[in-house]
Amino acid sequence: EQSYPDITLLPRLAAYFNISIDGLMGYAPQMERGDIDRLYKRLAGDFARRPFEKVLLECNGLVKKYYSCFPLLLKMAALYVNHHTLAQGPEARAAVLRDAADLLLRVRTEGEDVWLIRDATTLEALCHLMLGAPQEALDLLGEEIRPLSGEGTLVAQAYQMLGNPHRATEVLQICMYQHLLQLLGTTAVYLALCAGDAARITETLKRALTVAEAYQVDTLHPNTAAQLYLAGAQAYAGLGETEEALGLLRRYVTLCAHFRFTLAGDAHFDAIGPWLKSLDLGGDAPRDEKLIRESMLAAIIQNPAFV
């Protein structure tokens, strides 16, 4: 603790101790997945309780320190996207989204993990959409809509042939679960395009709500159910159907007041537990529940359709 060796001696010292130069200097350029997940949860909680600018400053420091840790950069970009609305003013919010897009661009162009690159591409496209740049999103994702692949079914068949029906069941349930949420999530967006078409809105909601009730989506995936109810209420409000709009808003408020926003299976999807735990955040919500409920409240109060 009195001096430092000449920099040219570092390779020889590292070789002598049979460690890397990073190890010799006590520098870890990478973080383990578990540490990244815990860091995300801690920072998400900080955003709910501390001043936004101070937490963002800490996030920026972590990004600079671990700029070559692409899993961390992806998770930090997701943190920015999920909390950018806390920034003061549209310019500040846009700046946070641009920072997220820059991190995702680095992951996409410099990374080698195909799954990280895929996730980064999708999230970067979302950033462009939020920034009002749809063409950039299309350039990333491609304009051609490809049909859903049958990979999940093939994987399940392979496990069944190998004498592992439990794993085959798990794979198929995961596929069903994802497609169910995709169907209802897409419906919520679709309703906005049906503005003024009473017949189409009524029929679309009838089918979607029937599916949601059959699969008990209120408890299976409260966020998807909430988005469907909110979109339906707005569509009905646009038609002047006040009672129908209020009925869906009551469902929305019940979800906000009584359900925890964590992912879990149920009696039907009883084999997806291990898969949910394997996700980046497990079954936890990407934001602190306090912020989720506040944003749900704002979605009603600040929506001119519900005046």
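Residues numbered from 1 in each chain as written. Predicted model: local features only at pLDDT ≥ 70, side-chain atom pairs only at ≥ 80, totals over all residues. Heavy atoms only, no water.

1. Concerning the overall build of the protein chain
Across its full length, the protein chain holds 16 helices and zero strands. Dimensions of the protein chain along its principal axes, counting C-alpha atoms only, are 80 × 55 × 40 Å. Looking at the protein chain residue by residue over its 307 residues, the buried ones come to 37%. When contacts within the protein chain are restricted to residue pairs at least 6 apart in sequence, long-range pairs at least 24 apart make up 60% of them. (Helix = DSSP H or I, 4+ residues; strand = E, 2+ residues; numbered from the N terminus. Buried < 20%, exposed > 50% of the residue type's maximum accessible area, 1.4 Å probe, protein only. Contact = heavy atoms within 4.5 Å.)

2. Quick word on the confidence of the model for the protein chain
A residue-level look at the protein chain finds 95% of positions with pLDDT of 70 or above and a mean pLDDT of 90. Mean pLDDT values for the elements of the protein chain range from 82 in helix α2 (residues 21-25) up to 97 in helix α11 (residues 198-214). (pLDDT = per-residue confidence, 0-100.)

3. As for the environment of Leu193
Note that Leu193 resides in helix α10 (residues 165-193). On the basis of relative accessible area, Leu193 is assigned to the exposed category, the value being 71%. For the pair Leu193 and Pro304, spaced 111 residues apart in the sequence, the C-alpha separation amounts to 17 Å.

4. Regarding the packing of aromatic side chains
How two aromatic rings sit relative to each other is set out by the distance from centre to centre and by the angle between their planes. Applying the stated criterion to the full structure yields five aromatic pairs. Aromatic ring contacts, followed pair by pair, group Tyr177, Tyr215, Phe269 and Trp275 into a single cluster. (Phe/Tyr/Trp six-rings, centres within 6.5 Å; stacked < 30°, edge-to-face > 60°.)

5. Observations regarding the packing of helix α5 (residues 70-83) against helix α7 (residues 114-130)
Interaxial distance between α5 and α7 falls to 11 Å at its minimum, and their mutual angle equals 25°. When the interaxial angle is binned, α5 and α7 end up roughly parallel. Note that α5 runs across α7; the crossing there is left-handed. On α7, the residues touching Phe70, Pro71, Leu74, Ala77, Ala78 and Val81 of α5 are Leu116, Asp119, Ala120, Leu123, Leu126, Cys127 and Met130. Looking at the contact of α5 with α7 residue by residue, the classes come out as 12 nonpolar, no polar and one charged. (Axes fitted to C-alpha atoms, helices over the stretch in contact; angles between N-to-C directions. Parallel < 35°, antiparallel > 145°, perpendicular 65-115°, else oblique. Left-handed = near helix turned anticlockwise from the far one by under 90°. Nonpolar A, V, L, I, M, F, W, Y, C, P; charged D, E, K, R; others polar.)

6. Quick word on the packing of helix α3 (residues 33-49) against helix α4 (residues 52-65)
What describes two packed helices is the angle between their axes and the distance between those same axes. At a minimum axis separation of 9 Å, α3 and α4 run at an interaxial angle of 155°. By the criterion of interaxial angle, the relationship of α3 to α4 is roughly antiparallel. The residues of α4 that touch α3, namely those facing Leu39, Arg42, Leu43, Asp46 and Phe47, are Phe52, Val55, Leu56, Glu58, Cys59 and Leu62. Residue composition of the contact of α3 with α4, grouped by class: eight nonpolar, no polar and three charged.

7. Structural notes on the state of the cysteines
Taken as a whole and assessed by the stated rule, the structure comprises zero disulfides. You can see Cys127 has no disulfide; the closest cysteine sulfur is in Cys59, sitting 14 Å from it. By relative accessible area, Cys127 is classed as buried at 0%. (Disulfide = S-S within 2.5 Å.)

8. Observations regarding the pattern of salt bridges
Summed over all chains, the structure comprises 17 salt bridges. For Glu294, the salt bridge goes to Lys290, with nearest N and O atoms at 2.7 Å. Of the two residues, Glu294 and Lys290 are both situated in helix α16 (residues 289-301); the distance of four residues between them amounts to about one turn of the helix. Taking the relative accessible area as the measure of exposure, Glu294 reaches 40% and is therefore partly exposed. (Salt bridge = Lys/Arg side-chain N within 4 Å of Asp/Glu carboxyl O.)

9. Description of the environment of Ala257
Mapped onto the secondary structure, Ala257 falls in helix α14 (residues 242-258). Considering only alpha carbons, one finds Ala257 and Ile272, 15 residues apart in sequence, at a separation of 26 Å.

10. Quick word on unusual backbone geometry
The backbone of Asn18 shows a phi angle near 60°, a positive value even though the residue is not glycine. Here Asn18 shows up in the loop between α1 (10-17) and α2. With relative accessibility at 70%, the residue Asn18 sits in the exposed group. Phi at Gln216 takes a positive value of approximately 50°, unusual for a residue other than glycine.

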